Structures are given as structure tokens and as C-alpha cells.
Amino acid sequence: MTTPEPQPSDREPAEPAQSTEPAEPAEPADSASSSEPSEPSAASDSPATSEPADSPAAASAASAASEGSAAASAGPAASGPKYADRIYRSTSGFVGGALILALACWLGIDAVAVGEGNTPWLALAALLFLVPLVAAYTLVPAVYANEDRLRVRNPFRTITLPWGRVVSLRSGYTNEVFSDDGGKYQLWALPVSLRARKRATRRDPRVMGGRAPGTGASRRGGVAPGAPDRSAGADRAPTDRSMDELRELHENRGGEVSAQGEVSVRWSYEIIAPSLAGAVLLAVLLGLG
């Protein structure tokens, strides 16, 4: 007997069975493909959150905050005066000194140009001796005041006093400033004019005792020339008004931290040295005849 050979139709169902087994791993591919679009979204979200940190506005805000903290840590000692110095000087003295210097230079140059013998040398020595002195007493004196300190420039030295070291400013027959270490410094740039002080006193109705100006002042309740009344207001001598402004600065700024420091005194060797040299040269020339 012969066994029947299997028909081709019997083998065909086995092929789909093999093809269905690898079809199952296709699901992870779908899940992977479905998860792929989510990665760019996460990546796209991360730059969106980092943009404000790198933006110019954030950088400027951070730099401003750092500068503010540095300024706050520096404290008031690092801050300088807010306004420029107030300058007080004698206008009449400045103008008079300029005229005297112009006259001295004219006479000296003329003597040097047309003089004979020792005359040119004597003229040069006299100019070297007199010009620094005239400038020192007329052009140089000035008072500089700001919120932190008072700088007094006198003929032969310059004194710098922080307001915290100033004890008082007094006006009598001269204007003076006193420091806490016992120093007393005259304000050459603010000379006292007794005539201007008396004229301002006569214009003050309170000092006149109720009388009109020009009818004779009453001595009762009057103000002594050496001790002016600060309440006189606008009817005060110019130098007295300047001293009132300096006193106000001292009262307002004396306790500030930026107004503390040491008193410094610097001698004006640029004036002293040529004047001494001119004096020595003039004495030698006069001695030699």
C-alpha cells in the first residue's frame, strides 16, 4: 500500500503561523514611533524656560542688582559731595591785586628794558620778591565749602577741615574757624568791614528801635560791631552773610559720616620760595651797591 503524499494545501496554513509571530514585536515600534515626537517637545520646552535667563533684560537687571549691592556695601564713606564747592573770596581785594600786579610788571619791565648798570637786576629782584607777595595777599585767598569739608586758602598755607572737626565759626573784628584740636585759623578771603557792618545795622529797623533809617540810631538794643546779630536777615554785611552760610553748613553736616576725617595743613612753598629768593637777591645787590 502506498501512503498518500501530503498536498500543497496542507503546508500553506503553517506559513501564516510563522508570519504572525514576528508581527507581535511591531507594537514596540509603534510605541517608539509614538514616543519620538514627545522628545522634541521636551527639548523644545527646555530652551523656552532658559531664554529669560539669557535675555538682555535679565542680564541688565542682574548687573544693576550687583551694582546696587556693591554701592550699599561701600557705605556713605565712598560717596563724594553731591554739589560743587561754594567759593568765597573778596572781589575788591582780587581786583585791587590785579591792578597792583599790572602796575608792578609795567614798571619792572620798563626798568629792565631801559635801565643802566644794576638797575635791570634790581628790577628783576624786586619783581621776584614783590609779585608772589602781592598775589598771596590779594589773588590767592579763598574759602571753598561743600557738604563734607571746609578748605581755607590763606596767603601762605591751605587748611582743610572736615565739618566734623569744626567746633565753631566766629565773627568779630576778623572771621575765624576753630577746630576740635584747639586750632584757630583766620579766613583771609572774608575780611570784616566795620563800615559795611555799621551801614547794615543802620538799615535794620529792629536795631533802629522803631525809627526810620537815617534819623539817628538808638543805642539801646543795638548790635556791637564785633558781635553781629545773625537774625538781621538781608540787612547784613556781605561777609557776615557768608559766615552765616558756613555756619548753616556746619550745623547741618557736622554729624555726617562723610564729614569726618583729619585736619590737614599744607604750606604754599610755591609762594614762599620765590619770594625768599627775590629778597636774598635784592639784599645782595643792594649790599654790593
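Refer to the preceding data block for the structure.
Attention here is on the structure that accompanies the text. Quick caveat: nothing in here was measured; it's all calculated off a predicted structure.

1. Examining the pairing of strand β3 (residues 149-153)
Item 1. Here β3 shows one buried face, formed by Leu150 and Val152, and one open face, formed by Arg149, Arg151 and Arg153.
Item 2. Note: strand β2 (residues 142-145) against β3, four bridges, orientation antiparallel. Within β3, the residue paired with Ala145 across the bridge is Leu150.
Item 3. Counting the residues that bridge the hairpin from β2 to β3 gives three residues.
Item 4. Alignment of β3 against strand β4 (residues 157-162), held across five bridges, turns out to be antiparallel. Within the sheet, the bridge partner assigned to Leu150 lies in β4 and is Leu161.
Item 5. Counting the residues between successive antiparallel strands, the hairpin from β3 to β4 contains three residues.

2. What to know about helix α7 (residues 119-138)
Item 1. Between its first and last C-alpha atoms α7 spans 27 Å; for 20 residues at 1.5 Å apiece the expected length is 28 Å, and the two agree.
Item 2. Turning to α7, its buried residues number three or more, namely Pro120, Ala123, Ala125, Leu127, Pro132, Ala135, Ala136 and Thr138.
Item 3. The inward-facing, buried residues of α7 contact α6 (91-114) and α10 (269-288).

3. Some thoughts on the sheet that holds strand β8 (residues 264-267)
Item 1. With antiparallel pairing, five strands are arranged side by side in an open sheet as β1-β2-β3-β4-β8. Two strands lie at the open edges of the sheet, namely β1 (86-88) and β8, each paired on one side alone. The sheet shows a mean angle of 15° between the axes of neighbouring strands, taken without regard to direction.
Item 2. Sheet strands in contact with helix α9 (residues 238-253) are β1, β2 and β3, and its direction is about 145° off that of β1.

4. Some details on the nonpolar core
Item 1. Leu150, Trp163, Leu169, Val177, Leu187 and Leu246 are the most contacted members of the largest nonpolar core, which has 19 residues in total.
Item 2. For this core, the elements supplying multiple residues, two or more each, are β2, β3, β4, β5 (166-171) and α9.
Item 3. A total of three residues in this core trace back to one element, the largest contributor, which is α9.

5. Concerning the side chain of Arg247
Item 1. With respect to the helices and strands, the residue Arg247 is situated in helix α9.
Item 2. Within the structure, the side chain of Arg247 is placed 3.0 Å from the side chain of Asp244, a separation counted as a polar contact.

6. Regarding the sheet that holds strand β7 (residues 184-186)
Item 1. Spatial strand order, β5-β6-β7: three strands in an open sheet with antiparallel pairing. Looking at which strands have only one partner, the edges of the open sheet turn out to be β5 and β7. The sheet shows a mean angle of 20° between the axes of neighbouring strands, taken without regard to direction.
Item 2. The pairing of strand β6 (residues 175-179) with β7 spans three bridges and is classified as antiparallel. Following the sheet pairing, Val177 is matched in β7 by Tyr185.
Item 3. Running at roughly 165° to β5, α9 makes contact with β5 and β6 of the sheet.

7. Some words on the packing of α7 against α10
Item 1. It is the contact of α7 with α10, at a shortest axis distance of 8 Å, that shows an interaxial angle of 150°. Overall, the two elements α7 and α10 adopt an arrangement that is roughly antiparallel. Taken as a pair, α7 and α10 cross one another with a handedness that is left-handed. Across from Trp121, Leu122, Ala125, Ala126, Leu128, Phe129, Pro132, Leu133 and Ala136 in α7, the residues of α10 making contact are Ile271, Pro274, Ser275, Ala277, Gly278, Ala279, Leu281, Leu282, Leu285 and Leu286.

8. Some thoughts on the pattern of salt bridges
Item 1. Applying the stated criterion across every chain, the model contains eight salt bridges.
Item 2. Asp148 is paired through a salt bridge with Arg253; the nearest N and O atoms lie 3.4 Å apart. Within this pair, whereas Asp148 is found in the loop between β2 and β3, its partner Arg253 is found in helix α9, the two being separated by 105 residues in sequence. Neither Asp148 nor Arg253 differs from the other in exposure class; each is buried.
Item 3. With a closest N to O distance of 3.0 Å, Arg197 and Asp240 form a salt bridge. Note that Arg197 is positioned in helix α8 (residues 194-203) and Asp240 in helix α9, a separation of 43 residues in sequence.
Item 4. For Arg197, a relative accessible area of 5% corresponds to the buried category.
Item 5. The network of salt bridges with common partners includes Arg165, Asp180 and Glu262.

9. With respect to the pairing of β4
Item 1. Pairing of β4 with β8 involves four bridges; the strand directions are antiparallel. Its bridge partner being in β8, Thr160 is matched across the sheet by Ser264.

About the criteria used
- Residues numbered from 1 in each chain as written.
- Predicted model: local features only at pLDDT ≥ 70, side-chain atom pairs only at ≥ 80, totals over all residues.
- Heavy atoms only, no water.
- Buried < 20%, exposed > 50% of the residue type's maximum accessible area, 1.4 Å probe, protein only.
- Helix = DSSP H or I, 4+ residues; strand = E, 2+ residues; numbered from the N terminus.
- Pairing = 2+ DSSP bridges.
- Expected span 1.5 Å × (residues − 1).
- Contact = heavy atoms within 4.5 Å.
- Axes fitted to C-alpha atoms, helices over the stretch in contact; angles between N-to-C directions.
- Core = buried A, V, L, I, M, F, W, Y, C linked by side-chain atoms within 4.5 Å.
- Polar contact = N/O pair within 3.5 Å; in protein donor to acceptor, adjacent residues only side chain to side chain.
- Parallel < 35°, antiparallel > 145°, perpendicular 65-115°, else oblique.
- Left-handed = near helix turned anticlockwise from the far one by under 90°.
- Salt bridge = Lys/Arg side-chain N within 4 Å of Asp/Glu carboxyl O.

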